[in-house]
Amino acid sequence: MRIPATRSSDDRTGPARRGEPSAACASRRPAGVALALAGLCLLGALVLRVWALDGQTLSWDEGNNAFFALQSPAGILHYSRATLDTNPPAHRLALGLWLRLLGGSARNLRLLSSLLGVALLGPVYLWGSRLSGQRVGLVAAALTALSPMLVYYSREAKGYPFAALFGLLALYVWVRYLDDGTPVSPMAWAAYVLAEALACGAHYYAVLLFIAQGVWLAADVIADRTRRHIAWRRLGRWLAAQLAAAMLVAPWVVLTLPTALRGARDASTWAPLSLPAYLADLGMALSAGAQGSRWAAAAAIVILAIGCVSALWRGPWRHVGLPAAAVVVPVALGFVAQRRIAFFSPRFLLFVVPPLLLLAALGLCRWRRAGMVLGAALALAWLPGLWEITHPTIQLEEDLRPLAQTLRTYALPGDGVIVGYIWQEGNLRLLAPGIPVRYYLGWFSQDGLDREMEKLVAAHRRLWLVTYQSPLQHPQNMAGWWLEQHAARALVTESGYGRVVLYVSPEATGCGPAVAQFEDGISLSCPRVDADVAPGRALPVSLCWEVEAAPAAGYSVFVHLYDETGTLRAQSDGVPVNGLRPFPQLPPREPVGDPRALWLPPDLPPGVYQLAVGVYDAGTGKRLNVIAGAAAGKDSVAVGTVRIGAGVGER
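The model shown is predicted, which means the values in this text are computed figures rather than measured ones.

Looking now at the packing of helix H1 (residues 31–50) against helix H7 (residues 134–146). Across the interface, H1 lies against H7 with an axial gap of 9 Å and an inter-helix angle of 15°. Looking at the two axes, H1 sits roughly parallel to H7. Two packed elements cross with a definite hand, and for H1 against H7 that hand is left-handed. Across from Ala34, Leu37, Ala38, Cys41, Ala45, Leu48 and Arg49 in H1, the residues of H7 making contact are Gln134, Leu138, Ala141, Ala142, Thr144, Ala145 and Leu146. Considering only residue class, the contact of H1 with H7 consists of eleven nonpolar, two polar and one charged.

Below you can see the structure in the form of structure tokens.
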């Protein structure tokens, strides 16, 4: 990138001129000391952002980003519109490339944000050094490294650090290479445009940063009469850059803006904030982070205010105006935006934290030793919040890791996994990477449910269903409701609000030959089972029941697996058809299919086992006797032989 040959009006290589910021804060220490301090800042920033990075479970938003990152550009567009998603794609495209290079895992998903958060120290240091010397740059970088708000969102796989980095980088490129009246390098201009497009292409609120820049440039046109021709040239240059950046982002906006606005309105489930509530919420978050206490936020607000007021008081506006505008204008416009659409969070304005810290560093350096004491007090106020951020607690209600562990352990090649939300698929793909399954979104219509589910069962004899805060046997859970009626439930793992269930389709259909008649007019028919199965797998069994008259008792069915010594080694008990067809509700003399699945323990030793079926009173536990058939006089009937051996006949 070319540096203009003509020295700019804010070139710091020459002697200080009247009206410019004092160089009293410029570092006189040896270059080696400054380098060591910069290294400590980088190291501290890196440790805070990667320590125990995978200690917290992945959130919904992170799962959404993981899902989108693993899609093609066309897939990102399709699902953005289908889910009324509000985010543009720049960060997700970068995240997809990142995961393809490093491999999919929860840690790698967050690592990109961590490194972007560390990289933010670069433009902060350079801009601070340009404002008033190396010491300001180092202090600004140190504050950026320690800021709880920046640390917190550098540890989540979201687009806010991406937007903050490229937004600040665009402004620094402008200040360093474009903010004067001399001819500019096309490379510098293109770099500014690209950085702006990436920032706005990661989060729409980033556009407020560049509106702030426009306000600053327009104010300069009005205020600086002696350099008005240069100010007009700078403003025209900026307008051309906005047009170029808008052309890069416009195609996505045109294709998705209606659905994004609808999604934002649907998510606005709370009332807009009043100005005092807005400023209090925003001030606490930006100063002390999402985990900060009230006293820490109050102390941080006071110290940052002292620094910013000192920086602005001594000016000049020509140098501090842009970072000041980058804080004040987005905050003001953010209030207006949330009054119209109440879908707002302080994290949307994460990009104002770096310019805020730049101003604070400049002001604190002007206080010399007192400023260093205030800076140390600020770091001390931040420490409790930083401890909580880097030592996260596990939210068991939202934790999908136990469900992912079940899939990693028991999923087989060719299995299908049905999820109800895209964030579930995104999280499971990273928490259980490389498992040989195919994911499906359970977005079925009532009219097409039977057709779609029959296609899935035909393609996958084993289907896993992942639910969230939803009962299995409820019509609104359409996939679960259908599977409960047509397939055998084999394995259930629950964790917090989530559940993963394995369903197995029966190998045989129909009722097969009659094998036994039990007391109370209950008859059993089923094909004989002769199977070779590996331990830790599901054995499907097809049963069929018929009653002469609806019995009064609430009977349950047991399917037992016995070894050669007659010891019970596995069982499946319950009311027919996954509890949906109790015996008292069966129509007389009408066969009812009852698909079953017997889960074989992983530690089941090799051998030959016998499969037996019986009926018992669920209230008393008393078994019904067989009154007709080969097992007459017994309380169960043998229906097959199962051979257990590692690696054989895996189902």
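Having seen the model, we can carry on.
Tracing the backbone through its elements, the reader meets leucine 146 in helix H7. With relative accessibility at 30%, the residue leucine 146 sits in the partly exposed group. Through-space distance from the C-alpha of leucine 146 to that of threonine 256 is 37 Å; in sequence the pair is 110 residues apart. What leucine 146 contacts, discounting residues up to four positions off in sequence, is Leu48, Val151, Ala379, Trp382 and Leu386.

This part takes up the packing of helix H11 (residues 207–223) against helix H15 (residues 317–340). Closest axis-to-axis distance for the H11/H15 pair is 8 Å, and the angle between their directions is 130°. Regarding the angle of H11 to H15, the classification is oblique. Here H11 and H15 pass one another in a crossing that is right-handed. Across the interface between the two elements, Leu208, Leu209, Ile211, Ala212, Gln213, Val215, Trp216 and Asp220 of H11 pack against Trp317, Arg318, Gly321, Leu322, Ala325, Ala326, Val329, Pro330, Leu333 and Gly334 of H15. By residue class, the composition of the contact of H11 with H15 is 13 nonpolar, three polar and two charged.

Moving on, we get to the sheet that holds strand S8 (residues 529–533). Taken in spatial order, the five strands of this open sheet run S8-S15-S13-S10-S11, and their pairing is mixed. Two strands close off the open sheet at either side, each with one partner strand: S8 and strand S11 (568–574). With strand direction ignored, the average angle separating the axes of adjacent strands in the sheet is 20°. Looking at chain direction, strand S10 (residues 555–562) and strand S13 (residues 607–617) are connected through eight bridges and run antiparallel. Note on S13: the bridge partner recorded for serine 556 is tyrosine 616.

Looking now at a nonpolar patch on the surface. Residues Leu40, Leu43, Val47 and Trp51 make up a contiguous nonpolar surface patch of roughly 420 Å² in combined accessible area. Tracing the chain through its elements places leucine 40 in helix H1.

Criteria and cut-off values
The residue numbering used here restarts from 1 in each chain and proceeds along that chain's sequence as written. Local features are withheld for residues below a pLDDT of 70 in this predicted model, meaning they are given only at 70 or higher, and side-chain atom pairs are given and counted only at 80 or more; totals for whole chains, interfaces and linings count all residues. Water and hydrogen atoms were dropped before computing side-chain values, which therefore reflect all heavy atoms in the structure. Axis definition: a line fitted to C-alpha atoms, limited for helices to the stretch in contact. Angles are taken between N-to-C directions and run from 0 to 180 degrees. Only DSSP runs of H or I reaching four residues or more are called helices, and only runs of E reaching two or more are called strands; each is numbered from the N terminus. To sort the angles, those under 35 degrees are grouped as roughly parallel, those over 145 as roughly antiparallel, those from 65 to 115 as roughly perpendicular, and the leftovers as oblique. Helix crossings get a hand from a simple test, with the near helix turned counterclockwise from the far one by less than a right angle marking a left-handed crossing and a clockwise turn marking a right-handed one. A contact between two residues is defined here by any heavy atoms of the two lying within 4.5 Å. Under the grouping applied here, Gly and all other residues not named as nonpolar or charged are polar, the nonpolar ones being Ala, Val, Leu, Ile, Met, Phe, Trp, Tyr, Cys and Pro and the charged ones Asp, Glu, Lys and Arg. When a residue's accessible area, from a 1.4 Å probe over protein chains only, is under 20% of the maximum for its type it is buried; when over 50% it is exposed; and in between it is partly exposed. Note on pairing: DSSP must find at least two bridges between two strands before they are called paired. Patch membership requires over 30% relative accessible area and the absence of a salt bridge. Like charges are linked within 9 Å, and nonpolar side chains (Val, Leu, Ile, Met, Phe, Trp, Tyr) within 5 Å. Where accessible areas are quoted, they stem from the Shrake-Rupley method and a 1.4 Å probe; at the residue level, only the protein chains shown are allowed to cover. One side-chain nitrogen of Lys or Arg within 4 Å of one carboxyl oxygen of Asp or Glu is enough to make a salt bridge.

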